[in-house]
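Chains, contacts and geometry: an overview
The primary structure of each chain is shown beneath.
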Amino acid sequence: MRSLDDIREEYEFSEGDERYRLLIGLGAELDPMPDALKTDATKVRGCSASVWVYPMAQDDGTLHFLADSNAAITKGIVSLVISAVQDRPAAEVAQTDIAAALEPFDLKNQLSSNRTQGVPNMIALIRETAARYAQGAGSTGAAGTA
């Protein structure tokens, strides 16, 4: 997965439809998420499309997220959010201001509101889950409920 800085650089040099294509491409770069992990417990509430996020604790204390959506552009937004925290220590993920990291992308003005309405819920799910892992309450591979 590309870093958020690399994505931002490419995004800044893109316009209109190119930005949509970039987001769709980002979604295609997500690690595949098995259908068995797409459960009510991993579903992000408040999204116009279906979105699932599943954290996996790694042996080195980092969190690796699997995520998916049934809509291509939404999946790209999911990938963008995940790239801000992918493979980082749980405590760091819990403290990361993901919304601030995404501000340069100006998603609210670039995309329709129904495509971005679930982003705060996705961020909350990621941060809350990371906080549980950082406190030792998370078990490997379990997302819990948000």
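Summary of the structure given here.

About the thresholds
- Starting afresh in each chain, residues are numbered from 1 along the sequence in its written order.
- Reporting in this predicted model follows two pLDDT cut-offs: at least 70 for local features of residues, and 80 or more for side-chain atom pairs to be given and counted; totals over whole chains, interfaces and linings ignore these cut-offs and use all residues.
- Processing note: side-chain calculations cover all non-hydrogen atoms of the structure and skip hydrogens and water entirely.
- Labels follow the DSSP assignment, with helices taken as runs of H or I lasting at least four residues and strands as runs of E lasting at least two, numbered in each case from the N terminus.
- Residue contacts are counted whenever heavy atoms from the two residues lie within 4.5 Å of one another.
- Residue burial considers only the protein chains on display, and all accessible areas are found by Shrake-Rupley using a 1.4 Å probe.
- The span one expects for a helix is its residue count, reduced by one, times 1.5 Å.
- Only protein chains enter the accessibility calculation, which uses a 1.4 Å probe; a residue is then buried when its area is under 20% of its type maximum, exposed when over 50%, and partly exposed in between.
- Note: the arc covers the axis-to-C-beta directions of the helix.
- Patch membership requires more than 30% relative accessible area and the absence of a salt bridge. Residues of like charge join within 9 Å; the nonpolar side chains Val, Leu, Ile, Met, Phe, Trp and Tyr join within 5 Å.
- Salt bridge, as applied in this entry: a Lys or Arg side-chain nitrogen positioned within 4 Å of an Asp or Glu carboxyl oxygen.
- Counted as positive: Lys and Arg. Counted as negative: Asp and Glu, with His and the chain ends omitted from the count.
- Note on charges: their place is set at NZ of Lys, CZ of Arg, CG of Asp or CD of Glu.
- Only strands that DSSP links by at least two bridges are regarded as paired with each other.

What follows concerns the overall build of the protein. Scanning the protein from N- to C-terminus turns up 8 helices and 3 strands. Considering only contacts in the protein between residues 6 or more positions apart, those separated by 24 or more positions represent 62%. Working note: accessible area of the protein is about 7300 Å², and carbon and sulfur atoms make up 46% of it.

It is worth spelling out helix α2 (residues 16-28) at this point. Turn by turn, an α-helix covers 3.6 residues, leaving residues three or four places apart pointing in a common direction. With 13 residues, α2 ought to run about 18 Å at 1.5 Å a step, and its terminal C-alpha atoms sit 19 Å apart, in line with that. Turning to α2, its buried residues are R19, L22, L23, L26 and G27. In a view along the axis of α2, the buried residues occupy a sector of 140°, so they form one face of it. Set apart from the buried face of α2 by more than 90 degrees, the exposed residues are D17, R21 and A28. Buried residues in α2 make contact with α1 (4-12), α3 (72-83) and α6 (107-110).

Turning to helix α8 (residues 119-134), a few remarks are in order. With 16 residues, α8 ought to run about 22 Å at 1.5 Å a step, and its terminal C-alpha atoms sit 22 Å apart, in line with that. For α8, the set of buried residues is V119, M122, I123, L125, I126, T129, A130 and Y133. Summarising the axial view, the buried residues of α8 lie within an arc of 160°, below the 170-degree limit, and thus occupy one face. Immediately downstream of α8, the backbone of G136 shows phi near 85°, a positive value.

What follows is about a negative patch on the surface. A contiguous patch of negative charge, built from D31, D59, D60 and D87, is present on the exposed surface. Structurally, D60 is set in the loop between β1 (51-57) and β2 (62-69).

This part takes up the pairing of β1. In regular strands, side chains alternate between the two faces of the sheet. The element β1 is largely enclosed, with a buried count of 5 among its 7 residues. One ladder, built from 7 bridges, connects β1 with β2; its direction is antiparallel. Residue pairing across strands places V53 opposite A67, the latter belonging to β2. Where β1 folds back on β2, the antiparallel hairpin that results is connected by 4 residues, among which G61 adopts a positive phi of roughly 90°.

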